[in-house]
Amino acid sequence: MTVIDGKAVSAKVKTEVAEEIKVLCSGGKRAPSLAVVLVGDDPASQVYVRNKKKACELCGITSLEYLLGGDASESELLELINRLNSDPEVDGILVQMPLPRQIDASNVTKAIDPSKDVDAFHPENVGKLFLGAPEFLPCTPAGVMRLLKEYGIEVCGKNCLVVGRSNIVGKPMAALLLAENGTVTVAHSKTKDLKSLAQNADIIVAACGRPGMIAGDMVKPGAVLIDVGITRVDGALKGDVDFDSCAEKAGFITPVPGGVGPMTIAMLMKNTLAAYKKHVC
Ligand code: NAP
């Protein structure tokens, strides 16, 4: 059994991004830039924003931070996005989720210029992904694909089970596995007999936010277990895969923390670089 080291792969991706930026900017071009918008003072969101800023620094990306109060209106936020959309110095725009109740997240997603949509949540980018011609890949699923690639895990012809069908993880994850010729099943809260679907899977990507949902008796020997889930339980982070009971049967397994989590930010850096190349190069 191999424990997949997301921290190491994430560091490798960030180094690749940093090196490419160094070359691109050596002729005096401005550095890529990422605008991160945070509305309110949710402590978890503040940590995510801080980590994104750190990753930007490491990669040579200028990070621009915009903080709005928790009582900001939707139109205030949309106005800021419009400004960032038309600012030629801004390559990527990321609005940290979740947003306060008075703001409709789907209006915000749709307002971001698709060429600056480094989260790849805009309907245009979602459509391109499902049509097989993506410009940006959604960060978490793209991070999973990179982990599979780094560890030489072939997807073609494999039975792949994605547990969860959210717009940010499950659905795009299924699209990426399908694009690599996996035979993909998507499970959700109405799925009957998850256990037999899991037992038949060569690759399981668990993204349902239910700690320990995938247990050892649900797993085929040698299966690849990718755990996207992150839930805080009694102060500790727990994944959707029960690591202890699954590790002895799996061929490959990602830990939580230190598996998929670090990949998400690394892929965001990659997308910011891709946006920069579109705008500047
Ligand atoms: P979400 O929007 O809450 O979606 C959860 C999905 O799981 C839904 O599709 C839901 O089905 C399904 N589900 C719930 N209970 C289930 C069950 N008993 N059996 C099968 N499916 C079930 O969550 P999300 O945003 O996709 O995130 C999922 C998890 O990944 C969370 O723990 C989140 O914190 C984590 N996450 C991690 C990263 C990272 O960087 N590592 C990034 C994003 C998210 P229905 O559609 O039927 O409700």
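K.L.:
Give me the sheet that holds strand β2 (residues 33–39): which residues, what numbers.
P.N.:
Taken together, 3 strands build an open sheet; the order of strands is β3-β2-β4 and the sheet is parallel. With partners counted over all chains shown, the strands left at the sheet margins are β3 (62–68) and β4 (92–95), one partner each. Taken pair by pair, the neighbouring strands of this sheet meet at an average axis angle of 20°, ignoring direction.

K.L.:
Please set out the pairing of strand β6 (residues 183–187) residue by residue, giving values where relevant.
P.N.:
In the sheet, strand β5 (residues 159–163) pairs with β6 via 5 bridges, with the strands oriented parallel. Pairing of V162 across the sheet is with V186, part of β6. For the handedness criterion, the β-α-β arrangement of β5, helix α7 (residues 170–179) and β6 is classed as right-handed.

K.L.:
So, the sheet that holds strand β11 (residues 252–253): which residues are in play, and what are the values?
P.N.:
Two modes of strand pairing occur in sheets, parallel and antiparallel, and in both the strands are linked by backbone hydrogen bonds. With parallel pairing, 6 strands are arranged side by side in an open sheet as β1-β11-β8-β7-β5-β6. Two strands bound the open sheet, and with one partner strand each, they are β1 (2–3) and β6. Across the sheet, α7 touches β5, β6 and β7 (203–206), and the angle it forms with β5 is around 170°.

Parameters at a glance
- Residues numbered from 1 in each chain as written.
- Predicted model: local features only at pLDDT ≥ 70, side-chain atom pairs only at ≥ 80, totals over all residues.
- Heavy atoms only, no water.
- Pairing = 2+ DSSP bridges.
- Helix = DSSP H or I, 4+ residues; strand = E, 2+ residues; numbered from the N terminus.
- Axes fitted to C-alpha atoms, helices over the stretch in contact; angles between N-to-C directions.
- Right-handed = clockwise from strand over helix to strand, strands pointing away.
- Contact = heavy atoms within 4.5 Å.

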